[in-house]
Amino acid sequence: MSNLNARMGELKVIPVIAIKDADKAVKLAQVLSENGLPCAEVTFRTEAAAQAIRNIREAFPEMLIGAGTVLNAAQVDEAIDAGVDFIVSPGFNPTTVKYCQQRNMPIIPGVNNPSMVEQAMEMGLDTLKFFPAEPSGGVNMLKAMTAVYPVSFMPTGGVNPANVKDYLGVKSVFACGGTWMVPGNLIDEERWDELAELVKGVADIVA
Ligand code: 3PG
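The rules we used
Within each chain, residue numbers correspond to sequence positions counted from 1 in written order. Whole-chain, interface and lining totals are the exception, using all residues; otherwise, since this is a predicted model, local features are given only for residues with pLDDT of at least 70 and side-chain atom pairs are given and counted only at 80 or more. With hydrogens and water excluded, all non-hydrogen atoms of the structure serve as input to the side-chain values. UniProt positions are given in the numbering used here, feature names are shortened, and annotations may be inferred rather than shown by experiment. Buriedness of a pocket was judged along seven lines, with at least five required to meet protein on both sides within 12 Å; pockets are open sets of points on a 1 Å grid over the protein atoms alone, cavities are sets where a 1.4 Å probe fits but cannot get out, and lining residues have an atom within 4 Å of a point. Grid points are joined across faces, edges and corners, and a volume is the space filled by probe spheres set on the points. Where helices and strands are cited, they refer to DSSP runs of H or I of at least four residues and of E of at least two residues respectively, numbered from the N terminus. Note that Gly is not counted as nonpolar here; it falls among the polar residues with everything else outside the nonpolar set of Ala, Val, Leu, Ile, Met, Phe, Trp, Tyr, Cys and Pro and the charged set of Asp, Glu, Lys and Arg. When accessible area is computed with a 1.4 Å probe and restricted to protein chains, residues below 20% of their type maximum are described as buried, those above 50% as exposed, and intermediate ones as partly exposed. Working rule for contacts: check all heavy atoms of both residues, and any pair within 4.5 Å makes them a contact. When DSSP finds at least two bridges between two strands, those strands are taken to pair. Consider the strands pointing away from the viewer: the crossover is right-handed when the path from the first strand over the helix to the second runs clockwise. Counted as a polar contact is a pair of N or O atoms within 3.5 Å, where, for protein atoms, one must be capable of donating a hydrogen and the other of accepting one, and residues adjacent in sequence contribute only when both atoms are in side chains. Salt-bridge detection follows one rule: a side-chain nitrogen of Lys or Arg within 4 Å of a carboxyl oxygen of Asp or Glu.

Taking an unreviewed UniProt entry as the reference, the chain is identified by name as 2-dehydro-3-deoxy-phosphogluconate aldolase belonging to Photobacterium sanctipauli. Annotation of the chain in UniProt includes, under Subunit (unreviewed entry), the sentence "Homotrimer."

Here it is as structure tokens:
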């Protein structure tokens, strides 16, 4: 198991973040770190993503930081320049995967069926995002693929406090991604105490 998988596996849950204002990133990272989840997958769904990553990296050099929703090589470059440890993409794009491999940057691309798993394996990958997990058949689909393929999965998309333990109970799952503990409105409105409670709740659920 890679060092990255091991670190994610210890955390069990990876907060998936869409942040609109990079100035709020450090406080958000502080809330995550102080409440047992020193990790952030900052999605490139907002303009602020790269600067948010840079701010978090500077304030919390040890934090595990990824870029999410990375769709092309230019975003890979932006994410690496900002200081990420890993990259996540919603789908399986061989061009983006190849580019990350050239740049020696771990990528966890999204797959949701056997053909995509095999294409990813052919490119030397053994760590994949199962996305969107719930609409793609959820735990049952994941179990069926786990029976066949020697890969590890990070289910994301519809994972929530009610089903996260079911996902984590599947042998191939090393961690789950999700937005439920970092809702955008709480970040926008700087409701840090409520965020802290949600993050603490994750630790309780997966303990
Ligand atoms: C992602 O970008 O990985 C997903 O949007 C997260 O899905 P969720 O909002 O259902 O957790």
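On to the layout of surface pockets, then. The computed volume of the largest pocket comes to approximately 170 Å³. Counting residues per element, the ones that place at least two in the lining of the largest pocket are strand 2 (39-43) and strand 8 (176-178). Grouping the amino acids of the lining of the largest pocket by side-chain chemistry returns four nonpolar, 10 polar and three charged.

Mapped onto the fold, proline 132 is located in the loop between strand 6 (127-130) and helix 7 (138-146). For proline 132, a relative accessible area of 26% puts it in the partly exposed group. Excluding residues that lie within four positions of it along the chain, proline 132 makes contacts with Asn112, Thr156 and Gly157.

Our next topic: the pairing of strand 7 (residues 152-155). Because side chains alternate across strand 7, one face comprises the buried residues Ser152 and Met154, and the other comprises Phe153 and Pro155, equally buried. Here strand 6 runs beside strand 7; their pairing, made up of four bridges, is parallel. Across the sheet, the residue bridging to lysine 129 is methionine 154, located in strand 7. Crossover strand 6 to strand 7 through helix 7 is right-handed.

Attention now goes to the environment of glutamine 101. Its location among the elements puts glutamine 101 in helix 5 (residues 94-102). With relative accessibility at 34%, the residue glutamine 101 sits in the partly exposed group. For the pair formed by glutamine 101 and alanine 120, sequence separation is 19 residues and the distance between their alpha carbons is 12 Å. Apart from the residues within four sequence positions on either side, glutamine 101 is in contact with Met123 and Leu125.

With respect to the secondary-structure elements, serine 89 resides in strand 4 (residues 86-89). At 2.8 Å, the side chain of serine 89 forms a polar contact with the backbone oxygen of glycine 91.

The tally for this structure, following the rule as stated, stands at seven salt bridges. Of the charged contacts, one joins aspartate 188 and lysine 20 as a salt bridge, the two residues approaching to 2.7 Å between their closest N and O atoms. Taken as a pair, aspartate 188 in helix 9 (residues 184-188) and lysine 20 in the loop between strand 1 (13-17) and helix 2 (25-34) lie far apart in primary sequence, 168 residues in all. We classify aspartate 188 as partly exposed; its relative accessible area is 30%. Taking the relative accessible area as the measure of exposure, lysine 20 reaches 59% and is therefore exposed. Between aspartate 85 and arginine 57 there is a salt bridge whose closest N-O contact spans 2.8 Å. Taken as a pair, aspartate 85 in the loop between helix 4 (73-82) and strand 4 and arginine 57 in helix 3 (residues 49-59) lie far apart in primary sequence, 28 residues in all. For aspartate 85, a relative accessible area of 25% puts it in the partly exposed group.

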